[in-house]
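Fold and contact review
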Amino acid sequence: MLYVVGLGPGEKEKMSFEALECLKQAEIIVGYTTYIRLIKELVGDKEIVSTGMKQEIDRCKKAIELAQSGKEVAVVSSGDAGVYGMAGLILELVIKLEEPIEVKVIPGITASIAGAALLGAPLMNDFCHISLSDLMTPWEMIEKRLHAAASADFVICLYNPRSKGRPKHLVKALEIIQQYKSGDTIVGLAKDVGRKKELGILTTIQDLDETLVDMTTVVLIGNKETYVSNGQMITPRGYQL
Ligand code: SAH
């Protein structure tokens, strides 16, 4: 059996019982080095297959081979494995096999949901996820989605918002979003959610200091109704109070 397990954002408390159970049962854990480090104490002395960031295909192929040999294997992703994680890649590789293996995807709390809880209740109305990484999606497509989401006034959760390799993506994205949302639209930064340095920051599009944003930040941009009160970011659901 091959489990694809979403670990949640970091700490054990935010992991599901099912995910914990899977990690206990698995004989071999496969994952990116940083995530394995997060669950080190849960892994104990199990066999670990750990590789760097850009070796996803090799890592998944290895996990599939191990499962084919009869082992109980858990491939781990941070957050939810089906949100910019390993679940899709595993399923795409498995359907190509002559003798398919059984795969079970175990959900985890994705960064936007954990980040939203840290900041208040910003996702109470329609929202979407957009990744600013153009490693696998062309930048033109990302821009198109930013235009569509901002013009429809979705609350927008930006994943992979800013890295050394793409320092200007966030600024470019905010320029597009500002064509539809005003500069004083509330922005929440959820940094290192569920980890030691966890930090929530509330600001607006026009006041955002982009240097605060890194690869372990999820950026939540409100809709026209989103406001801040008592240090909490709230998007009204529409109740008449
Ligand atoms: N599968 C993951 C997402 C992987 S993409 C999930 O479901 O959460 C990587 C991006 O997710 C990061 O660039 C960041 O935007 C976001 N992210 C992942 N973990 C995070 C955390 N602990 N705190 C804040 N953002 C996080």
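In what follows, the accompanying structure is described. Predicted model only: the values in this text are computed from it and were never measured.

Glancing now at the overall build of the protein. Check the secondary structure of the protein and you find eight helices and 13 strands. Along the first, second and third principal axes, the C-alpha atoms of the protein reach 55 × 35 × 35 Å. Relative to its full complement of 241 residues, the protein shows a buried share of 45%. Contacts in the protein between residues far apart in sequence, at least 24 positions, make up 69% of those at least 6 positions apart. Per element, the accessible surface of the protein, about 12,700 Å² overall, is 51% carbon and sulfur. Once the 27 positive and 31 negative side-chain charges of the protein are each reduced to a mean point, those two points are 3 Å apart.

Take Ser131: it is sitting in strand β7 (residues 127–131). There is a polar contact of 3.0 Å between the side chain of Ser131 and the side chain of Asn160. Contacts of Ser131, omitting those with residues within four sequence positions, involve Tyr84, Ile142, Tyr159 and Asn160.

This next bit is on the site of the ligand. Neighbouring the ligand are 19 residues; Asp80, Val83, Thr110, Met215 and Thr217 lie closest to it. Within the contact set of the ligand, a nitrogen atom lies 2.8 Å away from a backbone nitrogen or oxygen of Ser78. Here an oxygen atom of the ligand and a backbone polar atom of Met215 are 2.7 Å apart. Relative to its free-state accessible area of 540 Å², the ligand is covered by the protein chains to the extent of 94%. Residue composition of the shell around the ligand, by class: ten nonpolar, six polar and three charged. In terms of domain composition, the shell around the ligand takes at least three residues from each of domain 1 (2–106) and domain 2 (111–234).

Let's shift gears to the environment of Leu118. You can see Leu118 is positioned in helix α6 (residues 111–119). With 52 residues separating them in the primary sequence, Leu118 and Leu170 have C-alpha atoms 21 Å apart. Excluding residues within four positions of it along the chain, Leu118 makes contact with Ala190, Val193, Glu198, Leu199 and Gly200.

Positive phi, normally seen in glycine, also occurs at Tyr84, with a value near 50°. Look at Tyr84 and you get partly exposed, because its relative accessible area is 47%. The phi angle at Asn160 is positive, at roughly 45°, despite the residue not being glycine. Residue position: Asn160 is located in the loop between β8 (155–159) and α8 (169–177). Judged by its relative accessible area of 24%, Asn160 falls in the partly exposed class.

Moving on, we get to the pairing of strand β9 (residues 186–191). Most of β9 sits out of view: six of its six residues are buried. Burial of β9 is two-sided: the residues Ile186, Gly188 and Ala190 facing one way and the residues Val187, Leu189 and Lys191 facing the other way are all buried. Note that β9 and strand β10 (residues 199–204) share six bridges and pair antiparallel. If you follow Val187 over to β10, its bridge partner there is Thr203.

Next up on the list: the packing of helix α7 (residues 139–151) against α8. Packing of α7 against α8 brings their axes to within 9 Å, and their N-to-C directions diverge by 40°. Our classification of the angle between α7 and α8 gives oblique. Relative to α8, the crossing made by α7 is right-handed. On α8, the residues that touch Trp139, Glu143, Leu146, His147 and Ala150 of α7 are His169, Lys172, Ala173, Ile176 and Ile177. The class makeup of the residues in the contact of α7 with α8 is six nonpolar, two polar and two charged.

Attention now goes to the sheet that holds strand β11 (residues 217–221). The strand order β7-β8-β11-β9-β10 describes an open sheet built from five strands, whose pairing is mixed. Strands with a single pairing partner mark the edges of an open sheet, and in this sheet they are β7 and β10. Put simply, the sheet's adjacent strands are angled 20° from each other on average, direction ignored. Across three bridges, the pairing between β8 and β11 is antiparallel. For Ile156, the partnering residue across the bridge sits in β11 and is Ile221. Strand contacts of α7: β7 and β8, with the helix running at about 160° to β7, the strand carrying the most contacts.

Cut-offs and rules
- Residues numbered from 1 in each chain as written.
- Predicted model: local features only at pLDDT ≥ 70, side-chain atom pairs only at ≥ 80, totals over all residues.
- Heavy atoms only, no water.
- Helix = DSSP H or I, 4+ residues; strand = E, 2+ residues; numbered from the N terminus.
- Buried < 20%, exposed > 50% of the residue type's maximum accessible area, 1.4 Å probe, protein only.
- Contact = heavy atoms within 4.5 Å.
- Areas by Shrake-Rupley, 256 points an atom, 1.4 Å probe, with all protein chains shown as cover.
- Lys, Arg positive; Asp, Glu negative; His and termini not counted.
- Charge placed at Lys NZ, Arg CZ, Asp CG, Glu CD.
- Polar contact = N/O pair within 3.5 Å; in protein donor to acceptor, adjacent residues only side chain to side chain.
- Near = heavy atom within 4 Å.
- Nonpolar A, V, L, I, M, F, W, Y, C, P; charged D, E, K, R; others polar.
- Domains from an automatic or database assignment.
- Pairing = 2+ DSSP bridges.
- Axes fitted to C-alpha atoms, helices over the stretch in contact; angles between N-to-C directions.
- Parallel < 35°, antiparallel > 145°, perpendicular 65-115°, else oblique.
- Left-handed = near helix turned anticlockwise from the far one by under 90°.

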